[in-house]
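Secondary and tertiary structure notes
Residue-level listing of the chains:
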Amino acid sequence: MDLYEHQARELFEEYGILVPRAEVADSAKEARACAERLGGRVVVKAQVKTGGRGKAGGVKLASDPAAAELTARQILGMDIKGHTVGAVMLAQPVEIDSEFYVSYVLDRAQGRFVAIASAEGGMDIEEVAAARPEAVVRVPIDPFEGVPRKKAAEIAAAAGLPDAAADTLTALWNVLIREDALLVEVNPLVRTARGEILALDGKVTLDDNARFRQVRWGAWDETHDQGGDGLEAVAAAKGLNYVKLDGEVGVIGNGAGLVMSTLDVVAGCGARPANFLDIGGGASAQTMADGLSVILSDPSVTAVFVNVFGGITACDAVADGIVRALESVRLTKPLVVRLDGNNAARGRAILGERAHPLVEQATTMDGAARRAAELAHAA
């Protein structure tokens, strides 16, 4: 479960991490009142569970309360990567001297957490990591040692951060461990003109298995969540293993390993996966209908790729499920299907007989991914 920025900020403050004063509003009128209490000049930030808000126009500086009201009116209701903005956070601006990036993330392959840090934080951190990977350091964390002050100082020194950032690194580790988080990220962590270390933005992802211990976040989601996790909640209610991603190609597969490989292949074809959806060993008509319904309700999806390797559930059963699903779900976007394995030929024949104008077939995963990417880009 991802937290909103203002929720992450609340956690940071609880653990002694400095953050600018801020308030949350879900109307333009309320935003004006917040700005008045915060001193007039504020940064207005869309509260959605996705990155890229700044580049999408979801983060703007307002010079006074009247400008804050106007800016909030422009941002509220905005669509950012399939997330509808239902609230904004207004924060006091700070005079920035330097920007950094810090995070702790679970490395599932290694079965441990890793600290990731860079002296070059900000909106372009992804480009920095891709162009100059040496500018981003990764430091494995011993779970028994954790991140005491000495370890935090080592991480800061390795990344070129000021020594004063070490206290923040220790506090962020405490957030991660004590709040059942899988990811804690600050971008940017800044040094102000006065030498203070502040977290200007925050991302926290909690372990879904610990939801029963994190119930305090649920009520706000129920009233303000209009995308992202909203789709995940709908999928969960249908018994689907679904994760929303920032892309345009919807992906359905049977088996987590196959779905992960499919995401990589789609990305390799120049497109971005819009989700992870594993239908597991059962691909009944209802399962397919539910999966297609969730994916097609994502406004960012422009093409869908169904990738199935028949095993316990044969491909003809999957194809029959797709055909039956098309009777209950109105297909509005192109669907590329790749069937392989048990009874694949029969499955392809079933889809061929149905001959839906928006359904195409491909015999290989690479070919299907290329076609899905082409259709997504052509939309």
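Here, residues in each chain are numbered from 1, in the same order as that chain's written sequence. Selection of residues for local features in this predicted model requires a pLDDT of at least 70, selection of side-chain atom pairs for listing and counting requires 80 or more, and totals for whole chains, interfaces and linings are taken over all residues. As a rule here, side-chain values cover all heavy atoms of the structure and leave hydrogens and water aside.

An unreviewed UniProt entry lists the chain under the name Succinate--CoA ligase [ADP-forming] subunit beta, with Streptomyces aurantiacus JA 4570 given as the organism. Quoted verbatim from the Sequence similarities (unreviewed entry) field of the UniProt record, the comment on the chain reads "Belongs to the succinate/malate CoA ligase beta subunit family." UniProt positions are given in the numbering used here, feature names are shortened, and annotations may be inferred rather than shown by experiment. Under Pathway (unreviewed entry), UniProt gives the following word-for-word description of the chain: "Carbohydrate metabolism; tricarboxylic acid cycle; succinate from succinyl-CoA (ligase route): step 1/1."

So, on to the UniProt feature "binding site: ATP" (unreviewed entry) in the chain. Here, UniProt's "binding site: ATP" (unreviewed entry) annotation points to Lys45, Gly52, Arg53, Gly54, Val94 and Glu99. Locating Lys45 in the fold gives a position in strand β2 (residues 42–46). A simple rule labels every residue: compare its accessible area, found with a 1.4 Å probe on the protein chains alone, to the largest value its type can have, and call it buried under 20%, exposed over 50%, or partly exposed in between. Overall, Lys45 belongs to the buried group, its relative accessible area being 8%. In what follows, a contact means two residues having at least one pair of non-hydrogen atoms within 4.5 Å. In this structure, Lys45 is in contact with Glu5, Arg53, Gly58, Val59, Ala87, Val88, Met89, Leu200 and Asp201, ignoring residues within four places of it in sequence. Pairs of N or O atoms within 3.5 Å make up the polar contacts considered here, provided that, within protein, one atom can donate a hydrogen while the other can accept it, and that residues adjacent in sequence are counted only when both atoms are side-chain atoms. For Lys45, the side chain forms a polar contact with the side chain of Glu5, separated by 2.6 Å. Starting at the N terminus, helices and strands are each numbered in turn, a helix being any DSSP run of H or I of at least four residues and a strand any DSSP run of E of at least two. Structurally, Arg53 can be placed in the loop between β2 and β3 (59–62). When neighbours within four sequence positions are excluded, Arg53 is seen to be in contact with Glu5, Lys45, Ala46, Gln47, Val48, Gly58, Val59, Ile80 and Asp201. At 2.6 Å, the side chain of Arg53 and the backbone oxygen of Ala46 are in polar contact.

A separate point is the side chain of Ser300. With respect to the element layout, Ser300 can be found in the loop between α10 (285–296) and β16 (303–310). Side-chain polar atoms of Ser300 contact the backbone oxygen of Gly247, separated by 3.3 Å. A polar contact of 2.7 Å, which involves the side chain of Ser300, links it to the side chain of Asp298. Those residues within four positions of Ser300 in sequence are excluded, and the remaining contacts are Lys244, Gly247 and Glu248.

Now for the nonpolar core. With 39 residues, the main nonpolar core has Phe12, Tyr104 and Ile155 as its most contacted residues. The greatest single-element share of this core, amounting to 7 residues, is contributed by helix α6 (residues 166–178). Contact partners of Phe12, with chain neighbours within four places excluded, come to Ile17, Val19, Leu172, Val175, Val184, Glu185, Val186, Ala199, Asp201, Gly202 and Val204. By size, the runner-up hydrophobic cluster in this structure holds 34 residues, among which are Leu240, Val306, Ile350 and Leu351. Put simply, a nonpolar core is a bunch of buried Ala, Val, Leu, Ile, Met, Phe, Trp, Tyr and Cys residues held in one set by side-chain atoms that sit within 4.5 Å of each other.

Moving on, we come to the environment of Ala33. Mapped onto the fold, Ala33 is located in helix α2 (residues 28–37). Sequence separation of Ala33 and Ala68 is 35 residues, and the distance between their C-alpha atoms is 9.1 Å.

Only one face of strand β13 (residues 241–244) is buried, namely the one carrying Tyr242 and Lys244, since none of Asn241 and Val243 on the opposite face is buried. Pairing between strands is defined by DSSP: at least two bridges between the two strands are required. Judged from the 4 bridges that link them, β13 and strand β15 (residues 275–278) form a sheet pairing that is antiparallel. Across the sheet, residue Val243 finds its bridge partner in β15, namely Phe276.

Classification of ring pairs rests on two measures: the distance between centres of Phe, Tyr or Trp rings, Trp counted by its six-membered ring, which must be within 6.5 Å, and the angle between planes, read as stacked under 30 degrees, edge-to-face over 60 and tilted in between. Enumeration according to the criterion identifies 2 aromatic pairs in this entry. A ring pair is formed by Tyr104 and Trp173, whose centres lie 5.4 Å apart and whose planes are at 75 degrees; its orientation type is edge-to-face. One end of the pair, Tyr104, is in strand β7 (residues 96–107); the other, Trp173, is in helix α6, with 69 residues separating them in the sequence. Grouping residues by exposure puts Tyr104 and Trp173 together as buried. In textbook terms, an aromatic cluster arises when at least three aromatic residues are bridged by ring pairs, as seen for Tyr104, Phe113 and Trp173.

A few words on the pattern of salt bridges. Note on definitions: salt bridges are taken to be side-chain nitrogens of Lys or Arg within 4 Å of carboxyl oxygens of Asp or Glu. Here the structure, examined in full by the defined rule, presents 22 salt bridges. One salt bridge connects Arg37 with Glu23, and the closest N-O pair in it is separated by 2.6 Å. Taken as a pair, Arg37 in helix α2 and Glu23 in strand β1 (residues 22–25) lie far apart in primary sequence, 14 residues in all. Overall, the relative accessible area of 47% leaves Arg37 in the partly exposed class. Across the pair Asp167 and Arg149 runs a salt bridge, and its minimum N-O distance is 2.7 Å. Placement of the pair is Asp167 in helix α6 and Arg149 in helix α5 (residues 149–159), with a sequence separation of 18 residues. On the accessibility criterion, Asp167 (47% relative accessible area) is partly exposed. Judged by its relative accessible area of 35%, Arg149 falls in the partly exposed class. Within the structure, one salt-bridge network assembled from shared partners comprises Glu5, Lys45, Arg53 and Asp201.

This brings us to the sheet that holds strand β6 (residues 88–91). Ordered in space as β1-β6-β2-β3, the 4 strands form an open sheet in which the pairing is antiparallel. If you trace the sheet from one side to the other, it starts and ends with β1 and β3, each paired once. Along the sheet, successive strands turn relative to each other by an average axial angle of 25 degrees, direction set aside. By the bridge criterion, 4 bridges tie β2 to β6 in an arrangement that is antiparallel. Looking at β6, one finds that Val43 is bridged to Ala91. Helix axes use the C-alpha atoms of the stretch in contact, all axes being lines fitted to C-alpha atoms, and the angles between their N-to-C directions lie in the range 0 to 180 degrees. Strands in contact with helix α1 (residues 5–14) are β1, β2 and β6; relative to β6, the strand with the most contacts, it is inclined by about 45 degrees. Sitting on the sheet, α2 is in contact with β1, β2 and β6, with an inclination near 170 degrees to β1.

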